[in-house]
Amino acid sequence: MTVKLLKQLIKYSYNNNMLNPKNVNRIANLLNRNDLKLYIRAIKIQERKLSVFIDTPMNNMKLKEKFKDTFPHKNIYFRNDPSLMLGARITADDMILDINLNNTLESIIKFVEEDYD
Amino acid sequence: MIDSNSILQQLEKRLTKFSDEPKIQNIGIVEKNSDGVVVVSGLSLAFMGEKIIFGNGESGVILGLEEDTASIILFDKGESIKEGDKAKRTGNLLSILAGEDLMGRVINPLGIPLDGTPAIKKGQKMPLERIAAGVVEREPVNTPLKTGIKAIDAMIPIGRGQRELIIGDRGLGKTAIAIDTIINQRSNVKGQKSNVICIYVAIGQKQSTVAQIIGRLKDKDALDYTIVIAANAPDPAALQYLSPYAGAALFDNHRRPATDHPDCYRRLRAIAPKRTRGQPSSVRRNGISSTDRVHRYVAPAVFSGQL
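Note that this is a predicted model, so its numbers are computed, not measured. (Residues numbered from 1 in each chain as written. Chains lettered and ligands numbered in written order. Predicted model: local features only at pLDDT ≥ 70, side-chain atom pairs only at ≥ 80, totals over all residues. Heavy atoms only, no water.)

So what exactly am I meant to see when it comes to the interface of chain B and chain A here?
Where interface size is quoted, it is often the accessible area lost as the parts come together. Every contact between the two is made by 24 residues of chain B and, on the other side, 21 residues of chain A. Each partner contributes to the roughly 2,000 Å² buried at the junction of chain B and chain A, and carbon and sulfur atoms together form 51% of this total. Applying the counting rule to chain B against chain A returns five salt bridges. The residue A:Lys7 makes a salt bridge to B:Glu67 at a minimum N-O spacing of 2.6 Å. One can count ten residue pairs in polar contact (both at pLDDT 80 or more) joining chain B with chain A. (Contact = heavy atoms within 4.5 Å. Buried area = accessible area lost by both parts, 1.4 Å probe. Salt bridge = Lys/Arg side-chain N within 4 Å of Asp/Glu carboxyl O. Polar contact = N/O pair within 3.5 Å; in protein donor to acceptor, adjacent residues only side chain to side chain.)

Explain a nonpolar patch on the surface here, please?
Residue and element names in this part refer to chain A. A cluster of nonpolar residues, Met58, Met85, Leu86, Leu101, Leu105, Ile108 and Val112, forms a patch on the protein surface that exposes about 560 Å² of accessible area. Along the chain, Leu101 turns up in helix H5 (residues 101–115). Owing to a relative accessible area of 33%, Leu101 belongs among the partly exposed residues under this scheme. (Patch = residues over 30% accessible without salt bridge, like charges linked within 9 Å, V, L, I, M, F, W, Y side chains within 5 Å. Areas by Shrake-Rupley, 256 points an atom, 1.4 Å probe, with all protein chains shown as cover. Helix = DSSP H or I, 4+ residues; strand = E, 2+ residues; numbered from the N terminus. Buried < 20%, exposed > 50% of the residue type's maximum accessible area, 1.4 Å probe, protein only.)

I tried to follow the nonpolar core on my own but got confused; where do I start?
Nonpolar side chains in soluble globular proteins tend to end up buried together. Residues and elements named next belong to chain B. Membership of the largest hydrophobic core comes to 22 residues, with the highest contact counts inside it found for Phe75, Leu94, Ile96, Ile107, Leu128 and Leu250. Those residues in contact with Ile96, other than ones at most four positions away along the chain, are Ile107, Asn108, Pro109, Leu110, Gly111, Gln124, Lys125, Met126, Leu128, Ala246, Ala249 and Leu250. Core analysis: the second largest hydrophobic core is formed by 17 residues, Val106, Ile183, Val196 and Val228 among them. (Core = buried A, V, L, I, M, F, W, Y, C linked by side-chain atoms within 4.5 Å.)

Can you help me understand the sheet that holds strand E12 (residues 198–203) of chain B in this one?
Strand pairing within a sheet occurs via backbone hydrogen bonds; the two strands may be parallel or antiparallel. All names here are of chain B. The strand order E8-E13-E12 describes an open sheet built from three strands, whose pairing is parallel. For this open sheet the edge positions go to strand E8 (106–107) and E12, each flanked by a neighbour on one side alone. Here E12 pairs with strand E13 (residues 226–231) via six bridges, running parallel. The residue bridging Ile199 from the neighbouring strand is Ile227, located in E13. Each of E8, E12 and E13 is contacted by helix H4 (residues 207–219), which is oriented at about 175° to E13, the strand it contacts most. (Pairing = 2+ DSSP bridges. Axes fitted to C-alpha atoms, helices over the stretch in contact; angles between N-to-C directions.)

Is there a simple way to think about the packing of helix H3 (residues 174–184) of chain B against H4(B) in this case?
The description of two helices packed together rests on the angle between their axes and the distance between the axes. All names here are of chain B. One way to put it is that H3 packs onto H4 with a least axis distance of 10 Å and a crossing angle of 25°. By the angle between their axes, H3 is roughly parallel relative to H4. Of the two elements, H3 crosses H4, and the hand of that crossing is right-handed. Residues Thr175, Ile179, Asp180, Ile182 and Ile183 of H3 touch H4, and the partners they reach there are Ile213, Arg216 and Leu217. (Parallel < 35°, antiparallel > 145°, perpendicular 65-115°, else oblique. Left-handed = near helix turned anticlockwise from the far one by under 90°.)

Just checking my understanding: could you explain the packing of aromatic side chains for this structure?
The relation between two aromatic rings is expressed through the spacing of the ring centres and the mutual angle of the planes. Residue and element names in this part refer to chain A. Following the criterion strictly, the structure yields three aromatic pairs over all chains and no others. Relative to Tyr77, the ring of Phe53 lies with its centre 5.3 Å away and its plane at 25°, an arrangement referred to as stacked. Taken together, the residues span a long stretch of sequence, with Phe53 in strand E3 (residues 51–56) and Tyr77 in strand E4 (residues 75–80) at a distance of 24 residues. We classify Phe53 as partly exposed; its relative accessible area is 26%. Its relative accessible area of 37% is what places Tyr77 among the partly exposed residues. Taking the centre distance of 6.5 Å and the plane angle of 55° together, the rings of Phe67 and Phe78 count as tilted. Of the two residues, Phe67 is situated in helix H4 (residues 61–70) and Phe78 in strand E4; the sequence distance between them amounts to eleven residues. (Phe/Tyr/Trp six-rings, centres within 6.5 Å; stacked < 30°, edge-to-face > 60°.)

As structure tokens, this is what we get:
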């Protein structure tokens, strides 16, 4: 299967940034084992591109609404992570943005270890 | 005497350097792990030759970049790296610390000591893969490198900076020639350092063989001016592949700069543009004569006592 064809299949598998199960089943039935592997991998990568994971230490509805405005065309998933203490960790595709107290404390420890040895 | 105020000021200055900026990481997800090569999706900001660290602490270097994936060769066995594991960028090109501290040490191609001594902390970071010096930058070969083997020195003399291939069937003594040459570089005057630095790169050899060679160098007091880089038979293929690059990187660090060479004046004169009477050269038009330029190049060499 060529990369071009794979891209076309992925495009056909999505409707409004949501996976269309009907189309996916139709495509999957037509593919052989090797191509199916490639197709599944490509879907996983596409899913990652379309999703944003937000880890927060507490359930704050206002904050969640704000994030929905920030990423309008993405599927946002909220996760609870008390180790962050304050702030959030945003994972969008292959980028991770740490804006939380845990990260600040860790960077202070790193700075002290490196500079005050 | 330093007063307490100045100490406090210095400490405060250091604190001001600390910046609490949000951390942005570019990560990848392991898709496939086969035969020491890991295919990772993501890592969209990664570049060729960048060092990558996996979730379990093992590391590798990017040797292939595709649209969505990157191929990484591992420096470790990588048996515990599974599909779905995370891989982090380091932002650094694969490099080795080079300097005087390496003399007499046995290291692997990443600069990690194999002789049980403390890690090397001082030195200049030399990238393993870099563009080789051009013809102009190189010194002409004009000083002989005496191997101490009469037949070679008489019939096929080798110069410093020259490459020489030793080729032959197994068991003929190719390694013996190289080791004897290293040993023969030792200074005859006791306590005086050899003015030749030797780098021995052992690729894919048995650990016992490398140990024997190191023992021999130690017995003959030749280890003080020798750096041994070893990627033995059981080591991953990536380390064996990188060993000659590590050797070349260390060599580049110890290479004398071309301007120190006594012959630099002649060569610079050859490079400098010739002026004709009627038409001033472009250098002259800019306010700097070609001879000025040559003198500027030569001045450091004169002060360092080379001319």
